[in-house]
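Overview (structure and organization)
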Amino acid sequence: MDSWSLRDEVLRSVNQWYLILAFIIIGGLIGYVITYLVPAPYRATADLFVGIDITRVNEMEYLIPLAKEEPLNLDDYKNWQLKQVADILSSNLVLGDTLEVINAMDSSGKELSLDELKKALDIYWYDTGLWQLEAVLPEEEQALAAVQAWLDTGHGKITELLEVSEQVAHLDAQLQSLNDEIGSLKKQNATLESFLSSLSEWISVLEEFPPDSPLHEDISREFAAWILAYREDDDSWQVPLDNLPLSDQTAANYQSWLGSAQLLANAVSSKTLTQVELLENERAEILPQYHAALEDSLGLSANLVLQPNTSAPSVHQVRSTGIVTLGSGILGLLTWILLAAFRIKGRRIGHD
């Protein structure tokens, strides 16, 4: 019995080149026929740029109520805002309008349903703000029309929402200004109320002294310290020093000055409360507009940057005929190798 040699078996199989060629050709033909019978769909893509204006990111308090989880830092805020954009582009609000445009342009009568459109579309976005819209459909023209309509409709909707967001930012700035002013006036009125309360106590103290006698030195120093306490805060109301009695003047002089100061403080307090009421009424008028605009913006902020819609869509088949044919030919070669391996193994067992 001849001895079995792996080298001889391999050479014998390789010498049958016509079988190798036949497997490759048959595999390639099968792949070609499949691409003919089941054509590959077309993938159309278009670019969109939506980024974040870092210089305005700090002006975002008005957005926090719309977030399910409050953005804690710049990355969280950026990702939340870009996800908002992605959700809007994929929403029925945008896709419904997109579908109407596609079906109006399609003359073949093969109208898409909303579910079919959702399955055909996809979106990819990156940290740099570059987005890619994708439509995969059986026909080239339909895929191009779909991605172009989606790009135009989505860009238009985001533009519209960002205009509303600018209004939100403007109203928010007004509210912040009103809040600051109201806060400052309330602080001033609190100082006035404190001053009037302690002033009443000083009037009671001075009534115990003879009107024409000077105050004791320690009382005079205490009075001066009390006045000084209402002169230290430059941002609040300050006690006027006009006609302030000197330390050697009588109790009557102090009582007279306190009476004048009381009248002035009451007048300023009344004016301050009127201003607070007017500003709070103004704020109450703005708040409904603010909340309505806030909801209309769908959570998008004026911090987003949308570049002009200038992208030209591109389209190509998901699988080209040449690639499929080549791949099928390689599969035919692998099939021959597998069969040759089984045959060599079988002959080895036969020689054992």
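Residues numbered from 1 in each chain as written. Predicted model: local features only at pLDDT ≥ 70, side-chain atom pairs only at ≥ 80, totals over all residues. Heavy atoms only, no water.

Moving on, we get to the overall build of the chain. Scanning the chain from N- to C-terminus turns up nine helices and five strands. Taken over 352 residues, the chain has a buried fraction of 36%. The contacts in the chain between residues at least 6 apart in sequence include a share of 80% that link residues at least 24 apart. A total of about 20900 Å² of accessible surface is found on the chain, and carbon and sulfur atoms cover 56% of it. (Helix = DSSP H or I, 4+ residues; strand = E, 2+ residues; numbered from the N terminus. Buried < 20%, exposed > 50% of the residue type's maximum accessible area, 1.4 Å probe, protein only. Contact = heavy atoms within 4.5 Å. Areas by Shrake-Rupley, 256 points an atom, 1.4 Å probe, with all protein chains shown as cover.)

Next up on the list: the pattern of salt bridges. Close approach of charged atoms allows side chains of opposite charge to pair. Tallied over the full model, the rule gives five salt bridges. In this structure, Asp87 engages Lys83 in a salt bridge whose closest nitrogen and oxygen atoms are separated by 3.0 Å. One end of the pair, Asp87, and the other, Lys83, are both in helix α3 (residues 74-89), four residues apart, so they sit about a helical turn from each other. The class for Asp87 is partly exposed, based on a relative accessible area of 37%. (Salt bridge = Lys/Arg side-chain N within 4 Å of Asp/Glu carboxyl O.)

So, about the confidence of the model for the chain. Interpretation of this model should avoid reading the predicted coordinates in detail wherever pLDDT is low. For the chain, the mean per-residue pLDDT works out to 79, and 74% of the residues sit at or above 70. Per-element averaging of pLDDT across the chain places helix α1 (residues 6-15) at the bottom with 63 and helix α8 (residues 251-296) at the top with 90. The low-confidence segment residues 61-66, where pLDDT is below 50, has 18 contacts with residues more than four positions distant or belonging to other chains. (pLDDT = per-residue confidence, 0-100.)

Moving on to the nonpolar core. The biggest cluster of nonpolar side chains holds 35 residues, and the ones touching the most others in it are Val85, Leu89, Trp131, Trp150, Ile158, Leu300 and Leu304. The set of elements that each furnish at least two residues to this core consists of β1 (42-52), α3, α4 (92-105), α5 (114-120), β2 (121-125), β3 (130-137), α6 (140-206) and β4 (304-306). Top element by residues in this core is α6. It accounts for nine residues. Those residues in contact with Leu304 that lie beyond four places of it in its chain are Val50, Gly51, Ile52, Gln81, Leu82, Val85 and Leu162. In terms of nonpolar packing, the next biggest core, distinct from the first, is built from 21 residues, Trp202, Tyr230, Leu258 and Ala265 among them. (Core = buried A, V, L, I, M, F, W, Y, C linked by side-chain atoms within 4.5 Å.)

A separate point is a negative patch on the surface. On the surface, a cluster of negative charge is contributed by Asp180, Glu181, Glu282 and Glu285. Secondary-structure elements contributing two or more residues to the negative patch are α6 and α8. Take Glu181: it is sitting in helix α6. Residue Glu181 is classed as partly exposed on the basis of its relative accessible area of 40%. (Patch = residues over 30% accessible without salt bridge, like charges linked within 9 Å, V, L, I, M, F, W, Y side chains within 5 Å. Lys, Arg positive; Asp, Glu negative; His and termini not counted. Charge placed at Lys NZ, Arg CZ, Asp CG, Glu CD.)

When two helices pack together, their arrangement is given by the angle between their axes and by how far apart the axes lie. Relative orientation of the contacting elements α6 and helix α7 (residues 217-229) amounts to 170°, with a least axis distance of 12 Å. Between α6 and α7, the crossing angle belongs to the class labelled roughly antiparallel. Together, Phe195, Ser198, Leu199 and Trp202 of α6 and Ile219, Glu222, Phe223 and Trp226 of α7 make up the contact between the two elements. Across the contact of α6 with α7, the residue classes break down as six nonpolar, one polar and one charged. (Axes fitted to C-alpha atoms, helices over the stretch in contact; angles between N-to-C directions. Parallel < 35°, antiparallel > 145°, perpendicular 65-115°, else oblique. Nonpolar A, V, L, I, M, F, W, Y, C, P; charged D, E, K, R; others polar.)

This part is about the pairing of β1. Remark: a regular strand shows side chains that alternate across the two faces of the sheet. Taken together, the eight bridges between β1 and β3 define a ladder with antiparallel strand orientation. From the neighbouring strand, Leu48 faces β3, where its bridge partner is Trp131. As defined by bridge partners, β1 adjoins strand β5 (residues 314-317) across four bridges and the pair is classed as antiparallel. Directly across from Ala44, in β5, lies its bridge partner Val315. The pairing of β1 with β4 spans three bridges and is classified as antiparallel. Its bridge partner being in β4, Val50 is matched across the sheet by Leu306. (Pairing = 2+ DSSP bridges.)

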